[in-house]
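Each chain is listed here by its residues.
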Amino acid sequence: MSTVFAPRSFLFGGDYNPEQWSTDVWLDDIALMKRARVNTVTLGVFSWAMLEPREGEYDADWLDQIIQLLDEAGIGFFLATPTASPPPWFSLAHPDALPVRPDGVRLRHGSRDTYAVSAPVYRAASRRIARFLADRYGAHPGLRGWHLHNEYGTLDYGPHAAAAFRRWLQDRYGSLEALNTAWYTAFWSQRYGSWDEIEPPMATQYLHNPTQVVDFRRFSSDEMLAAFEEQKQEIRASGSSAPVTTNFMLPTWNHLEQWSWSDAQDIVSIDHYLDTVGPDAEAHVAYGSDLTRSWAGGPWVLMEQNATGIRVGNRTFAKTPDRMIRNSLGYIARGAQSSLFFQWRAAAGGSEQWHGALVPHGGGTSRGFDTVVQLGAALESIAEVTQPPASGPLVDAQVGIVWDAEGWWALETPHLPNESMNYSDEARATHRSFWRAGIPTDFVRPGADISQYRLLVVPTLYAMDSVVADWLRAYVDAGGRLLVSYLTGVADENQQVLGGGYPGLLRDLLGIRVDEILPLAPGEKLALSDGLTAEEWTERVDVTGAAVVHRYADGPLAGAPAVTESAVGDGVAVYLSARLDQTSRDAFLAAQAAAVGAGPTLAGSAALGVEAVRRRGAEADYLFLLHHGSEPVRVSGGGTDLLTATDLAEGLVIAPGGVAVVREDQAASVVIESVA
Amino acid sequence: MSTVFAPRSFLFGGDYNPEQWSTDVWLDDIALMKRARVNTVTLGVFSWAMLEPREGEYDADWLDQIIQLLDEAGIGFFLATPTASPPPWFSLAHPDALPVRPDGVRLRHGSRDTYAVSAPVYRAASRRIARFLADRYGAHPGLRGWHLHNEYGTLDYGPHAAAAFRRWLQDRYGSLEALNTAWYTAFWSQRYGSWDEIEPPMATQYLHNPTQVVDFRRFSSDEMLAAFEEQKQEIRASGSSAPVTTNFMLPTWNHLEQWSWSDAQDIVSIDHYLDTVGPDAEAHVAYGSDLTRSWAGGPWVLMEQNATGIRVGNRTFAKTPDRMIRNSLGYIARGAQSSLFFQWRAAAGGSEQWHGALVPHGGGTSRGFDTVVQLGAALESIAEVTQPPASGPLVDAQVGIVWDAEGWWALETPHLPNESMNYSDEARATHRSFWRAGIPTDFVRPGADISQYRLLVVPTLYAMDSVVADWLRAYVDAGGRLLVSYLTGVADENQQVLGGGYPGLLRDLLGIRVDEILPLAPGEKLALSDGLTAEEWTERVDVTGAAVVHRYADGPLAGAPAVTESAVGDGVAVYLSARLDQTSRDAFLAAQAAAVGAGPTLAGSAALGVEAVRRRGAEADYLFLLHHGSEPVRVSGGGTDLLTATDLAEGLVIAPGGVAVVREDQAASVVIESVA
Amino acid sequence: MSTVFAPRSFLFGGDYNPEQWSTDVWLDDIALMKRARVNTVTLGVFSWAMLEPREGEYDADWLDQIIQLLDEAGIGFFLATPTASPPPWFSLAHPDALPVRPDGVRLRHGSRDTYAVSAPVYRAASRRIARFLADRYGAHPGLRGWHLHNEYGTLDYGPHAAAAFRRWLQDRYGSLEALNTAWYTAFWSQRYGSWDEIEPPMATQYLHNPTQVVDFRRFSSDEMLAAFEEQKQEIRASGSSAPVTTNFMLPTWNHLEQWSWSDAQDIVSIDHYLDTVGPDAEAHVAYGSDLTRSWAGGPWVLMEQNATGIRVGNRTFAKTPDRMIRNSLGYIARGAQSSLFFQWRAAAGGSEQWHGALVPHGGGTSRGFDTVVQLGAALESIAEVTQPPASGPLVDAQVGIVWDAEGWWALETPHLPNESMNYSDEARATHRSFWRAGIPTDFVRPGADISQYRLLVVPTLYAMDSVVADWLRAYVDAGGRLLVSYLTGVADENQQVLGGGYPGLLRDLLGIRVDEILPLAPGEKLALSDGLTAEEWTERVDVTGAAVVHRYADGPLAGAPAVTESAVGDGVAVYLSARLDQTSRDAFLAAQAAAVGAGPTLAGSAALGVEAVRRRGAEADYLFLLHHGSEPVRVSGGGTDLLTATDLAEGLVIAPGGVAVVREDQAASVVIESVA
């Protein structure tokens, strides 16, 4: 990312699809937008069939009209390229551009995302429609930015993908010999004698080759990035200088390597959908925000959230108004420059007619829209927060958590000792512990400058290259405290396990050697010393240089080391050999943070159920207080709540579910306490 | 349906496949049939390969012989067209006539139902074999009727289906513009520019278009009906005037729109298989019977049931003799003119060799066959019941339940707020409540004359057109009591949600406006006032004209309206916003019936475990007493039990599991009480 | 099997894949092998791509080198033909030789076993590579035997399989009429008019034809056996006289008819992987061993086991050292001539990089390898045990259990009365009961000489031909005690149910007639008399000549016969009509054994948790004592523990987890007792 995105007020609005509605509805839309103080919409996502109804014939009059209406109302817009959903005529003319599943089934049109990203004809058509839009709207004053495509992430296993995969492999490995070595093809007679023999990991008789699996993920991310770059080139070639982004998704699967993708964008944006209605939804907001701020290296854009619903399993639960507002400010607390939603108006038909919206089916007179109006007012009252500090981070964190998409993919290779281990769960559980303690964290790119962190945590980074291992050693040498968990540094970048005892890449640094992995049974719990409890994963650890901090207290490892600590250079390298249950993980990670003096943003806050986040600004620092708890709290100290324009000296009470955004007069003077 | 089917005695027998057996077994069959007083068999289902062993070469000598044997024994027959299972030679010669799954896999021969109903070559072959049979047997005096095909319901997604689907859509919509509007194709870039672009809902990347899904179901039902009509034309063209039927199936899926199919038949028949061994099996008998009688508009034919087994999940439980007889009479109580079974003799081989039969593997000396002989005698003793009343309904019901296949299909569209909602469950749960209270019900076709019903219930009819909404209003205006449940009238016939608050089509009639839908979590229960309990579904209801009858007592809606009542014209429109658990539903629906004075057939009967059904006849009314309970009951009053030829004046005790069929001397004089 | 395989010491080692490693690792391998006293490795499994890197070009220099190294170290080898995994170049050149799933999906290269065994080009290529190896290594003095292919068992449903299936059917049935009769094709219009119409049981609309299903399994086993025989012919044609084997697998599926396969081999070998970490793992060792010894008719080879892990579900649990050694000796106690493992050295990469190994990732200094060294020493100390007795069986069993692969396949046909019944479960549960009682058992081939058994048990052999039924009758006539369970002899070899009451083939012999089958619900338990408990399956039994031994005590069958006994000729035929739960089965089968005086190998042993097995040898008998229990035991009597060289007269204490191998001085003089 090359620029800091700092609009004068928070972007407020959402995906807007006027092509679904008659023009009288457009006028109602504009009136409702004004009422809610909406200032930004996203146009054009999935509008390809409207914009290019027949190959090479364009019709954007409707778009001109709506942009003019928006413009007159002072509402800006992101403009999307519609390439996530080619029109039916395209699929009929080019069936080879439909995506193919691993079992060879070619998917059909009739939903969305039915494209094979490697199909040349699809790529060419994508460039053309991007260029058409760029030429027509690239210099429009209302244009806030380009929203390329939508939620890249459609994998394809068809012939075009196979050909592109082979080219990518040739680039990566140079020679078949190097590929055969990296892929360990001596196993199961997989040795390749020509590039043509190589395929994506299609349906096969038994387990896939793990390196092939990970390389196909790397390739897919790179291939989609190339498609993104091509569209960006068209934008730039047209002369448009508006910032470019694409909206990430991060559900239970992950098909992009976000660090390199973030490099390629002017603004980093994300679509974020809660996956629980329980209290952990709040931790999920923080997790998504910290990840995206870290990818962006600063302010970012929340491109989509759901105003009224939370989809879990096969049902859409209602999101309460207080949670809707609190979540929206929660994203902002951690760096969002926006509160944008999918979608502006609930669709009457189509596959997502029941998806939440700013304007529900009930229309402008509805509980849902009332909440939107409230949010609009709140955002206006905190507009100054958008301006970033002249220097330094938006949120000051002393704890870093390494995040690596390859770590995710590596844990999806077949036949690991415990296949229920999951990168996403590990990263979220780690982040959750710090969040519960009120301690701010960043996510960290392997190889990045990490001198600002006192504690660096590496959760289950199963595979890594020696450069990353060296980077970790240098961090410790320089005085850092490094916490490495089980199943980290065990394999190299080709998913090959290093010999001589686990974890081969970090054994020396950690001063230990793992001789045996002992997964626990599903649901099984095992006691460690000091009240900690393990689940899922334990290891037989021999200490070769480290001191023992905690031991196994029960089971076949009773008395053996469970957690060790090794002094290296000016720092300390800690090894955690067991998966801790969440409660134990909370206690353990809080202790690790305490060991380096990394404390909560606001003392006592977490215990009262209040999430406190300090976002640094140009003029002042802003203390966001998000009250997830059940009893009112009193806040005092030097500052002013921007939402209610209350001077804290007068005393501010935050009701359960409420929020305050305190412009701090002086650093860390705010005090929080129970009202009772 | 155009004629009233009233044989002189109940049709008794079942599917008979002599082609599986040697002629010595045929003679044993005839002897056993006589012993059991069998009077009807169904021949020819799945006999295509025997009748036409090579394309265009017919061999029906074996069928001539068996028909002659049956004729000599005085046994009549339904004759099936064998088109549900084309022979192997047909599939080899015409692979394009094999059905294709949504993922494009073409299924192969080797089971049954491996036909693509839209394949021209299949349709032509079906006409030919139907005509062959009609020409040869159409005037046979033993022919009771034509049994076209078997259990229509095989969906096909292949090229022939796609072409036929496009033609059907052209008929329905006239223009692509109309289709694009109805299908809401502005969403996700699905706009169609030519008919050729449209496909069945094949495997795709994400959610299907809901209107496409429902239209494909409508098309499939119509397409199968067209195939049925073609066969019927051949029958009629041959000069045969025997009544025509096809046997419906109604398991957990539904591929036919039964009202229009019933119009096309001379006799409405159904195959009915229990899906539980628990007490609810009895409610299932009543449900299937009431549905079929309603479709038929009078007497109907039970074409198949299982004499000895109940298949649930992966096992076949034994059906007890008392249940076998009680169920058989239960169907008759509610209008069946038959007790026919699949199958006469248990097959020695083939895929259903373990399916139940009148003659089990054990043969004529078996517990199973003993029960059959008992049933044959019982049926003979009640033969007079077959004759319908000169006017008026067979079963007099004051409660109607709307039933609509499109309601079923609409609830199978993707991404509804709670996808665990299921039309079949809702309809059965509603019927079950009335059944438990002993209150007779009819099912009602949308738009039908409903002046005879005091209470009309509409369970979860998510989508409807304005004609149906007007029809409901007219019913209330004229003094009816209408009960509408959650998720009814929310969308139009194109599955498009009406704006302005739910349910858009009925909001005014009901005097309410639903602002928000709040599904409950799986297993979650929520208290309403007056002891009612909700599960799965609740709503935030604003009353605009209605009175509140029950309120939510707990949760986020505590205090808000849950059930409302609105006086409209001469009637009342009740709205139920929550899914009630079965116990609460029972209490609630009994109260609704009581409000219009719709009571049980026999007071006190249900509490004793006795199902009482009055079937009206030509000479008298017949009170069927089906004892599902555990203690003996005493019956008295004016009448005669036909099964035991006992005058009720002498006192009749029905043992647990037993049945009485009382020819009533005077209306409603029968009294039931506990023996103890 | 034609020869008795009796090496001078136990084969110790495992699969060795030097092609995965550099030559410096080879030297480490040899050193570690020597340290562990390894004497045998298996080379070449999955080495095709290394041996024939391009079609027709061979490269075996690396194999020459490693064989020379092994030879110098005195280590022998099995040489595998690598045909279980054709190289990528082969699949690219011959896509028709890839296997096809039942739904028509052609699987792709990239795992292993991606071959269509019926493809002529695959068969020809397999012969060529086998011949190449045979010519080059067939006379090598270190060659212990030929290991053809690996774990035959890949089913193919593609066109080559279809063609071969048709040829096989023509051989089996001679005429289409015979096939139509056997397959009962009169059902569902499946009558075949030409051979070309017949296909493998591909994906179809509904249930498959059961005879087609079983015939396809028979064909697949025969087809794979033909491929095996071809390779064997090449071996023999080359002049090599080394014994030939292939390694069986027997997990939850079974694709081979092992008796005929065993006939075709010189050595019978098996790969055996535990499927539980619980105490039942020990019973599983005994089950696999007794099966393989029975198939072999004497000594056999354990070709693979896992040294360090037990894979259950999605995780690999650690195998404890004591279990590793105890299991290894457990296989030997029951006839194994080897302790071979997959694999020698844990792979660094590939799909099974986390599979256990003799040399774990940790290398020679690891808990895993320490255990291997211990085992090597133990095996050397008992080397004399390898020599079989001059006559008579290796293990003397008076109880036989019938085992038939067709029984397995028959229970996988569709729509049985209870599809949760499973041949493998039944066979294992039966064997487990005897194992728990310490009573030795053999498995028995239908039709074999069984005069040595006092008790013959036939678990759930649903389908059989009359020859088998006659063989059972002859056994009883001659004085044997026969125990037949539910669902045995019900259908003939064509899966056709015999009429007149179940079980049609054994009704007269058993003196009973089953009129009705009453499966229980999942989890349901039902009491029989005498404290026995039924689950899953019960039957209504009429006795026609038998005496009643146990009765149903509860439920609809209360008071009816459950177990009967019929005196026939000089023997007794017992019928068990209910599936007993394991505890009841244990008691019941122990009583059956007691009735014929078949007792445990060592009185009192089982109660102490010690498995006692007597393996007969050339010089003496050897009593293996495998201590699975938790308290130490004392052993005395006439003999010497070979592992510790302790004379039992001095008193031998076996610790929990430990093992003794006692060379007995006199028959049955050893006494075991608790130490406490």
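Structure: above.
Below or above, wherever it landed, is the structure these notes cover. (Residues numbered from 1 in each chain as written. Chains lettered and ligands numbered in written order. Predicted model: local features only at pLDDT ≥ 70, side-chain atom pairs only at ≥ 80, totals over all residues. Heavy atoms only, no water.)

1. Description of the overall build of chain A
Scanning chain A from N- to C-terminus turns up 17 helices and 30 strands. Computed over the C-alpha atoms, the radius of gyration of chain A is 26 Å, within 12% of the 26 Å expected from 2.2 N^0.38 for a compact globule of 676 residues. Each of the three principal axes of chain A carries a C-alpha extent, and together these read 75 × 75 × 45 Å. The proportion of buried residues among the 676 residues of chain A is 66%. Restricting to contacts in chain A with at least 6 residues of sequence separation, those with at least 24 account for 71%. (Helix = DSSP H or I, 4+ residues; strand = E, 2+ residues; numbered from the N terminus. Rg over C-alpha atoms; globule rule 2.2 N^0.38 Å. Buried < 20%, exposed > 50% of the residue type's maximum accessible area, 1.4 Å probe, protein only. Contact = heavy atoms within 4.5 Å.)

2. Regarding the relation of the copies chain B and chain A
Rotating chain B by 120° about the axis while translating it 0.1 Å along that axis superimposes it on chain A, leaving an RMSD of 0.0 Å. On this basis, the relationship between the two copies can be described by a three-fold rotation axis. Among all residues of chain B, the one whose C-alpha sits closest to the rotation axis is B:Val105, at a distance of 4.9 Å. (Least-squares fit on C-alpha atoms with pLDDT ≥ 70 in both.)

3. Here's the deal with the pattern of salt bridges
Summed over the entire model, instances satisfying the criterion amount to 142 salt bridges over all chains. The partner of B:Glu516 in a salt bridge is A:Arg367, with the nearest N and O atoms 3.2 Å apart. Of this pair, B:Glu516 sits in strand S16 (residues 512–519) while A:Arg367 sits in helix H12 (residues 367–381), on two different chains. A relative accessible area of 14% means that B:Glu516 is categorised as buried. Counted as one network, the salt bridges with shared partners bring together A:Arg123, A:Arg127, A:Arg131, A:Asp135, A:Glu223, A:Glu230 and A:Glu234. (Salt bridge = Lys/Arg side-chain N within 4 Å of Asp/Glu carboxyl O.)

4. Quick word on the interface of chain B and chain A
With 50 residues of chain B at the contact, the number on the chain A side is 46 residues. Across the chain B/chain A interface, buried area totals approximately 4,500 Å², and carbon plus sulfur atoms make up 53% of it. Counting across the chain B and chain A interface gives 4 salt bridges. Among the salt bridges present, the one from B:Glu419 reaches A:Arg311, with a minimum N-O distance of 2.2 Å. Counting residues per element, the ones that place at least two in the side of chain B that touches chain A are helix H8 (210–237) and S16 of chain B. Looking at which element gives the most residues to the side of chain B that touches chain A, the answer is S16(B), with 6 residues. (Buried area = accessible area lost by both parts, 1.4 Å probe.)

5. Structural notes on the interface of chain B and chain C
Residue-level contacts link 46 residues of chain B with 50 residues of chain C. Both faces considered, chain B and chain C share a buried interface measuring about 4,400 Å² in area, 53% of it formed by carbon and sulfur atoms. On inspection of chain B and its partner chain C, the count reaches 5 salt bridges. Remark: the boundary between chain B and chain C carries 31 residue pairs in polar contact (both at pLDDT 80 or more). (Polar contact = N/O pair within 3.5 Å; in protein donor to acceptor, adjacent residues only side chain to side chain.)

6. Some remarks on the environment of A:Ser241
By the secondary structure assignment, A:Ser241 is in the loop between helix H8 (210–237) and strand S5 (244–245). Along the backbone, A:Ser241 and A:Ala134 are 107 residues apart, and their C-alpha atoms lie at a distance of 9.9 Å.

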